Amino acid sequence: MKILHISDTHGAHRRMGELPEVDVLIHSGDFTMTGSEAEAIDFLNWFCDLPHKNKIFICGNHDECLYGANIDGLDNNVHYLNNSGIEIDGIKFYGIPLFMGDSMFGKQNLFYEKIPGDTNVLITHCPPYGILDFDDGRNWGSEELLTAVSNLSPQAHLFGHIHKSHGIERNGSTLYSNAAIMNEDYTTLQSPNLIEI
């Protein structure tokens, strides 16, 4: 299965140009800049109109307007994962958003503990601690998420959030992808990550 992973487009999704055809296109959050409904609607219109066979997205910390929202009316091939999963061609995807309300009240770590054990591709906004999470002299990832992913060993873990650490690396049996499209000073678009599992 070919997966194209993007993240942290921050309203610049229409500047990305034509995206290659793959089996699944995944956006791992922060598709808005200010978190407004107008930005979210613009992204959803763009995302739904893309010709890819299957599309998955989650929310990031900038996408607060969708906190607690039920997103209805999406095309059958567009899947919003909010502590939920979807199976496509025998591959099980599970997505966990990053909302500040959940983080402040300690819910985020509980979500990590509930990742299903048979998850093949985990999608989060936050990176796991120590993996593609370094910026400004420190690691910003979640230690609790690292523990969860280490225990599960999915085929792939897709995330963004830390723009400076864009890239792909393999650690054990898991492929890790940070596909933050905006660079760290929000001036340049970085390339999407193409993954095959």
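The rules behind these values
- Residues numbered from 1 in each chain as written.
- Predicted model: local features only at pLDDT ≥ 70, side-chain atom pairs only at ≥ 80, totals over all residues.
- Heavy atoms only, no water.
- Helix = DSSP H or I, 4+ residues; strand = E, 2+ residues; numbered from the N terminus.
- Rg over C-alpha atoms; globule rule 2.2 N^0.38 Å.
- Buried < 20%, exposed > 50% of the residue type's maximum accessible area, 1.4 Å probe, protein only.
- Contact = heavy atoms within 4.5 Å.
- Areas by Shrake-Rupley, 256 points an atom, 1.4 Å probe, with all protein chains shown as cover.
- Lys, Arg positive; Asp, Glu negative; His and termini not counted.
- Charge placed at Lys NZ, Arg CZ, Asp CG, Glu CD.
- Polar contact = N/O pair within 3.5 Å; in protein donor to acceptor, adjacent residues only side chain to side chain.
- Pairing = 2+ DSSP bridges.
- Patch = residues over 30% accessible without salt bridge, like charges linked within 9 Å, V, L, I, M, F, W, Y side chains within 5 Å.
- Salt bridge = Lys/Arg side-chain N within 4 Å of Asp/Glu carboxyl O.
- Phe/Tyr/Trp six-rings, centres within 6.5 Å; stacked < 30°, edge-to-face > 60°.
- Lys NZ or Arg CZ within 6 Å of the ring centre and 35° of its normal.

Participant: Can you walk me through the overall build of the protein in this structure?
Facilitator: When its secondary structure is counted, the protein shows 4 helices and 13 strands. A compact globule built from 197 residues should have a C-alpha radius of gyration of about 16 Å, and the protein, at 15 Å, falls within 12% of that. By principal-axis analysis of the C-alpha atoms, the protein measures approximately 40 × 35 × 30 Å. Evaluated residue by residue, the protein yields a buried proportion of 52% over its 197 residues. Across the protein, the fraction of contacts at a sequence separation of at least 24, relative to all contacts at a separation of at least 6, is 59%. Carbon and sulfur atoms form 47% of the exposed surface of the protein, whose accessible area is close to 8800 Å². Seen as two clouds, the 11 positive and the 27 negative side-chain charges of the protein have centres 3 Å apart.

Participant: What is the right way to look at the side chain of Ser 28 in this model?
Facilitator: When you line up the elements, Ser 28 lands in the loop between β2 (24–27) and α1 (37–49). A distance of 2.9 Å separates a polar atom in the side chain of Ser 28 from a polar atom in the side chain of Ser 7. In this structure the side chain of Ser 28 is engaged in a polar contact, spanning 3.4 Å, whose partner is the backbone oxygen of Phe 159. When residues no more than four places from it in sequence are discounted, the contact partners of Ser 28 are His 5, Ile 6, Ser 7, Ile 58, Ile 123, Thr 124, His 125, Leu 158, Phe 159 and Gly 160.

Participant: Can you walk me through the pairing of strand β11 (residues 167–171) in this structure?
Facilitator: Working note: regular strand, side chains alternate between the two faces of the sheet. Relative to strand β12 (residues 174–178), β11 is paired through 5 bridges, and the arrangement is antiparallel. Counterpart to Ile 168 in the pairing with β12 is Ser 177. In textbook terms, the turn of a hairpin is the stretch between consecutive antiparallel strands, and for β11 and β12 this stretch comprises 2 residues, one of which, Gly 172, has a positive phi near 65°.

Participant: Is there a simple way to think about the pairing of strand β7 (residues 121–124) in this case?
Facilitator: Here β7 shows two buried faces, one formed by Val 121 and Ile 123 and the other by Leu 122 and Thr 124. Bridging between β7 and strand β10 (residues 156–159) involves 3 bridges; their strand directions are parallel. Paired with Ile 123 across the bridge in β10 is Leu 158.

Participant: Would you mind showing me how to read a nonpolar patch on the surface here?
Facilitator: Where nonpolar side chains cluster on the molecular surface, the patch consists of Met 100, Met 104 and Phe 105 and spans about 380 Å² of accessible area. Along the chain, Met 104 falls in helix α2 (residues 100–104).

Participant: Got a minute to help me understand the packing of aromatic side chains in this structure?
Facilitator: How two aromatic rings sit relative to each other is set out by the distance from centre to centre and by the angle between their planes. Here the structure, examined in full by the defined rule, presents 9 aromatic pairs. Arranged with centres 4.2 Å apart and planes meeting at 10°, the rings of Phe 31 and Phe 43 form a pair that is stacked. With Phe 31 in the loop between β2 and α1 and Phe 43 in helix α1, this residue pair connects regions lying 12 residues apart in the sequence. Judged by relative accessible area, which is 0%, Phe 43 ranks as buried. Each ring, one from Phe 31 and one from Phe 57, has its centre 5.9 Å from the other, and the planes form 80°; the classification is edge-to-face. One end of the pair, Phe 31, is in the loop between β2 and α1; the other, Phe 57, is in strand β3 (residues 54–57), and 26 residues separate them in sequence. Each member of the pair, Phe 31 together with Phe 57, is buried. The structure contains a cluster of three or more aromatic residues connected by ring pairs, namely Phe 31, Phe 43, Trp 46, Phe 47, Phe 57 and Tyr 80. Positioned above the aromatic ring of Trp 140, the side-chain terminus of Arg 138 is 3.7 Å from the ring centre.

Participant: Sorry if this is basic, but what is going on with the pattern of salt bridges here?
Facilitator: Per the stated rule, a full pass over the model turns up 2 salt bridges. A salt bridge links Arg 14 to Asp 42, with the nearest nitrogen and oxygen atoms 2.9 Å apart. Highlighted residues: Arg 14 in the loop between β1 (2–6) and β2 and Asp 42 in helix α1, separated in sequence by 28 residues. A salt bridge links Lys 92 to Asp 118, with the nearest nitrogen and oxygen atoms 2.6 Å apart. Of this pair, Lys 92 sits in strand β6 (residues 91–96) while Asp 118 sits in the loop between α3 (107–113) and β7, placing them 26 residues apart in sequence. The partly exposed category is assigned to Asp 118, whose relative accessible area is 40%.

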